[in-house]
Amino acid sequence: MNKKKKPFLGMPAPLGYVPGLGRGATGFTTRSDIGPARDANDPVDDRHAPPGKRTVGDQMKKSQAADDDDEDLNDTNYDEFNGYAGSLFSSGPYEKDDEEADAIYAALDKRMDERRKERREQREKEEIEKYRMERPKIQQQFSDLKRKLAEVTEEEWLSIPEVGDARNKRQRNPRYEKLTPVPDSFFAKHLQTGENHTSVDPRQTQFGGLNTPYPGGLNTPYPGGMTPGLMTPGTGDLDMRKIGQARNTLMDMRLSQVSDSVSGQTVVDPKGYLTDLNSMIPTHGGDINDIKKARLLLKSVRETNPHHPPAWIASARLEEVTGKLQVARNLIMKGTEMCPKSEDVWLEAARLQPGDTAKAVVAQAVRHLPQSVRIYIRAAELETDIRAKKRVLRKALEHVPNSVRLWKAAVELEEPEDARIMLSRAVECCPTSVELWLALARLETYENARKVLNKARENIPTDRHIWITAAKLEEANGNTQMVEKIIDRAITSLRANGVEINREQWIQDAEECDKAGSVATCQAVMRAVIGIGIEEEDRKHTWMEDADSCVAHSALECARAIYAYALQVFPSKKSVWLRAAYFEKNHGTRESLEALLQRAVAHCPKAEVLWLMGAKSKWLAGDVPAARSILALAFQANPNSEEIWLAAVKLESENNEYERARRLLAKARSSAPTARVFMKSVKLEWVLGNLTAAQELCEEALKHYEDFPKLWMMKGQIEEQEELPEKAREAYGQGLKKCPHSTPLWLLLSRLEEKVGQLTRARAILEKSRLKNPKNPGLWLESVRLEYRAGLKNIANTLMAKALQECPSSGVLWSEAIFLEARPQRKTKSVDALKKCEHDPHVLLAVAKLFWSERKITKAREWFHRTVKIDSDLGDAWAFFYKFELQHGTEEQREEVRRRCENAEPRHGELWCAVSKDIANWQRKIGEILLLVAAHIRNTF
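None of these values were measured; they are calculated from a predicted model.

A. Geometry of helix 42 (residues 759-772). In this model helix 42 runs 20 Å from its N-terminal to its C-terminal C-alpha over 14 residues, within 8% of the 20 Å that 1.5 Å per residue would give. Among the residues of helix 42, A762, I765, L766, S769 and R770 are the ones counted as buried. What you see down the axis of helix 42 is that its buried residues fit within an arc of 135 degrees, all on one side. The exposed set on the far side of helix 42, more than 90 degrees from its buried face, consists of T760 and L771. Residues of helix 42 that are buried in the fold lie against helix 41 (743-755), helix 43 (777-789) and helix 44 (793-806).

Here's what the structure looks like:
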């Protein structure tokens, strides 16, 4: 039965119809739909395609780039605030108004960026620094370990295994073979077994040598291979005695070789030494192949350009370096034939040839180059006899009369009288040589020397040395008034001849005059040139620098001349007078210092320090009445000056005139009452033992100056001396109410409590003081020491850590921290201390003590010198230095330290002040205090 035909058969499929989609089948693509597969390098079908589109790969790249340019409007690329990541209209045309809009927006962005630029950069910098502090580089974390690498020896360094060593343990750590000496009985026992395999020709034992098998041979009369050796003739026994002798001989040889490296011993054979040296080939830096290449290259150069002197010289030197001296000589002689007019080739030939041959070479060179100065000089050097040298040089001067070098060489060989005659001829031949003129002037008499120098000036009007020599000549003959005129005339003449006056050169010449002892010439030169080329406002500063420079170069007269000139220009400048006075104090005599100070106070009568320096100079010289008269004049110029009152009091008290000192102080208290005057009054009564009068004066002073901490300290200390701790505590307490920021007052109160056994109260006082005076190293140091003295070392270390956090650049704390550490850690701590406070005298002193404790004497002395140079006012440094020299130095070194300390007059330092401010030592001199402090030091560090 025929089924009914489906109505859609034969009709086109509806749009979007996919066969089988309803039953779950999906459409797929086969190779027949897309065509055959093609390689990226296959050409395209279009034969006329432009470059860049002629292969399948090129067209695929183009299509991918086109796809990438399409806008990505996916939801994942959308942001609520910023919109799409790309531009929505990038595919549209870019017109002129778009360009203007972009320019405006860019200008706005730039301006907003500049407004916040400084803040942003500062913030970024802080963030980077914070990040670096929180997360330091590995390099910084290992810096202390890297420092220790300096201590690694070469053997330890070489024994470090390479990274990635894949060898097994036995290969990495090879064990040395253990060799056990075999006993003699073993050789004797096994000797017979060797006979089965070894037979000796009887002729060898008969004649003691080998019988040559060739006709006409000789019976060798020398010992053979076996006979006198280990086997005795005719027997099979081993000669143990000869083995022992051989072993001893071998050991002697080895010991002799080793002893060559020991200082003070030698086994060199003096007769065969030079022969051995000649047989040795010198070591050279290059490889043998490099030498062959160089030899070939130089040969090529010689052949292509045989008249090129450097090629012959280089070839000869190459052969010399490789040890072929004769080849080198042959080459250079051939070079002299090819380049007879080359000075260098002849000189090289003379150098390579031995003595007599070298003379012949030089004679040949002179024939070719009769005007060569260097060849004549070489010829003179080759001569060993003085007369022969003179003959050569005189012959040379006949050919080259205008050579300064030849004249100088010839004159050096002559006696003074002959030299003078030769120089008179030399200056005629070489009239422009300053050296020859000056040499002639030195050899002439005074009158002739003047004539010579005048002629020299006519011939060479542009040289300053002739003028300076003339001035020195006049000074040496007593005409000092002419020196100034000559130098002034020199400046005028040189300027007229167009010579620029170089100030530095003239000052250098003046320093040389000073060192030569020509003081007047040196001072005249300084006066003439010191003001040249300096701006008016820079004069004082520049002159002071020049004076310091002259002092550094040990040209003291130059410095004195500069100060004298500066004082003429600035007569009322106190600073210049002070610099000049300190210069005279350090480098001059007492008379020169006093003369200068007299002029100084006449020009600057209000400068108290100049009056006091003058009075002190007189007092130190033992002239007390003169010192009193100077102070009296100072009173007239500076009425009611506290400094001058106290200087007068000190003068009287030091000279045991106590009543006069009391009267002066009473007068000072009535006419010029100051806290220091009252303090000195109390101190005088205290040291003289009048404690009641001292207390009364102290009470009176505190009514007027209750905020002066030293008065409270003195009151408390007087109470302590009378053994009244309660009253002393009360005095310190009252003082701290009035002066809460006085560190010494807090320390005195704390030590008083510790002294009476109140450790807890002392600790509380120091904590309170640190609250009122934050970042105070002295208070932190006392807190650490308090715990250390109490035996609580852990608490002391904790406190020290806190102290260094609060005061990271305190040298006093770092110096104490170094010695709180255990001995192995002290060096590391000292390195950290030097980083934080490089130029702090306390740290430098601690490092010196550290070297001292390690018995590194030279380094310790060097660091002590550095410490006292940086801060000469630190008395503790001088005391430790003197103690060090007492133990490890000589008498001269000790005296040097003591002398330098007395000149420096130190006033500060914990140990120093404890001794110098003790009432019992109030009249001690600096040298005596130094000895006392050094005696108190116990080097238990």
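B. Structural detail: the pattern of salt bridges. As enumerated under the stated definition, the model contains 29 salt bridges in all. For R120, the salt bridge identified is with D113, shortest N-O distance 3.0 Å. Owing to a relative accessible area of 36%, D113 belongs among the partly exposed residues under this scheme. R295 is the partner of E319 in a salt bridge, and the nearest nitrogen-oxygen pair spans 2.8 Å. Residue E319 is found in helix 15 (residues 309-321), and its partner R295 is found in helix 14 (residues 288-304); the two are separated by 24 residues along the sequence. A network of salt bridges, in which partner residues are shared, links R317, E320, E348 and R351.

C. Structural context of the confidence of the model for the protein. Of the residues in the protein, 75% have a pLDDT of 70 or more, and the chain-wide mean is 76. Contacts for the low-pLDDT stretch residues 197-236, under 50 throughout, to residues beyond four places or in other chains number 41 contacts. Here residues 261-284 is modelled with pLDDT under 50, and outside its nearest four sequence neighbours on either side it reaches 15 contacts, counting other chains as well.

D. Main features of a positive patch on the surface. Taken together, K650, K680, K683, K710, R907 and K917 make up a surface patch of like positive charges. When you line up the elements, K680 lands in helix 37 (residues 675-687).

E. Molecular detail of empty space enclosed by the protein. Per the stated rule, a full pass over the model turns up 1 cavity of 30 Å³ or more. In this structure, the largest cavity encloses a volume near 30 Å³. For the largest cavity, the full set of lining residues is W346, L347, A350, V361, V362, A365, I375 and R378. Among the residues making up the lining of the largest cavity, the classes are represented as 7 nonpolar, no polar and 1 charged.

F. Layout of the packing of aromatic side chains. Considering all chains together, one arrives at 9 aromatic pairs under this definition. Arranged with centres 6.0 Å apart and planes meeting at 55 degrees, the rings of W543 and F570 form a pair that is tilted. Of this pair, W543 sits in helix 29 (residues 539-552) while F570 sits in the loop between helix 30 (556-569) and helix 31 (574-587), placing them 27 residues apart in sequence. Take W543 and F570: they sit in the same class, and that class is buried. Between W852 and F884 the ring centres are 5.5 Å apart and the planes differ by 85 degrees, which places this aromatic pair in the edge-to-face class. With W852 in helix 47 (residues 841-853) and F884 in helix 49 (residues 875-888), the pair connects residues that are 32 residues apart, well separated along the chain. Each of the two residues, W852 as well as F884, counts as buried.

G. Up close: the packing of helix 41 against helix 43. In the contact formed by helix 41 and helix 43, the axes pass within 10 Å of each other and the chain directions differ by 15 degrees. Taken together, helix 41 and helix 43 sit at an angle that is classed as roughly parallel. Considering only the axes of helix 41 and helix 43, their crossing is right-handed. Together, T743, W746, L747, S750, R751 and E754 of helix 41 and G778, L779, E782, L786 and R789 of helix 43 make up the contact between the two elements. In the contact of helix 41 with helix 43, the residues fall into 4 nonpolar, 3 polar and 4 charged.

H. Summary view of helix 16 (residues 325-338). The end-to-end C-alpha separation of helix 16 is 20 Å, in line with the 20 Å expected for 14 residues at 1.5 Å each. Listed as buried for helix 16 are A328, R329, L331, I332, G335 and T336. Relative to the axis of helix 16, the buried residues are bounded by an arc of 165 degrees and lie together on one face. Elements that come into contact with the buried residues of helix 16 comprise helix 14, helix 15 and helix 17 (343-352).

I. Structural context of a nonpolar patch on the surface. A cluster of nonpolar side chains, contributed by L149, V152, W157, L158 and I160, occupies part of the molecular surface with about 520 Å² of accessible area. W157 gets classed as exposed once you look at its relative accessible area, which sits at 53%.

J. The arrangement of the packing of helix 17 against helix 19 (residues 373-382) in detail. Across the interface, helix 17 lies against helix 19 with an axial gap of 10 Å and an inter-helix angle of 10 degrees. Relative to helix 19, helix 17 is oriented roughly parallel. By crossing handedness, the relation of helix 17 to helix 19 is classed as left-handed. Residue-level inspection shows E343, D344, W346, L347, A350 and R351 of helix 17 in contact with helix 19, the latter providing V373, R374, I375 and R378. By residue class, the composition of the contact of helix 17 with helix 19 is 5 nonpolar, no polar and 5 charged.

K. Representation of a negative patch on the surface within the structure. A contiguous patch of negative charge, built from E95, D97, E99, E100 and D102, is present on the exposed surface. Within the secondary structure, E100 sits in helix 3 (residues 96-115). Its relative accessible area of 47% is what places E100 among the partly exposed residues.

Reading guide: rules and limits
Residues numbered from 1 in each chain as written. Predicted model: local features only at pLDDT ≥ 70, side-chain atom pairs only at ≥ 80, totals over all residues. Heavy atoms only, no water. Helix = DSSP H or I, 4+ residues; strand = E, 2+ residues; numbered from the N terminus. Expected span 1.5 Å × (residues − 1). Buried < 20%, exposed > 50% of the residue type's maximum accessible area, 1.4 Å probe, protein only. Arc of directions from axis to C-beta. Contact = heavy atoms within 4.5 Å. Salt bridge = Lys/Arg side-chain N within 4 Å of Asp/Glu carboxyl O. pLDDT = per-residue confidence, 0-100. Patch = residues over 30% accessible without salt bridge, like charges linked within 9 Å, V, L, I, M, F, W, Y side chains within 5 Å. Areas by Shrake-Rupley, 256 points an atom, 1.4 Å probe, with all protein chains shown as cover. Lys, Arg positive; Asp, Glu negative; His and termini not counted. Charge placed at Lys NZ, Arg CZ, Asp CG, Glu CD. 1 Å grid on protein atoms, 1.4 Å probe; cavity = no way out; pocket = protein on both sides within 12 Å on 5 of 7 lines; lining within 4 Å. Points joined across faces, edges and corners; volume = space filled by probe spheres on them. Nonpolar A, V, L, I, M, F, W, Y, C, P; charged D, E, K, R; others polar. Phe/Tyr/Trp six-rings, centres within 6.5 Å; stacked < 30°, edge-to-face > 60°. Axes fitted to C-alpha atoms, helices over the stretch in contact; angles between N-to-C directions. Parallel < 35°, antiparallel > 145°, perpendicular 65-115°, else oblique. Left-handed = near helix turned anticlockwise from the far one by under 90°.

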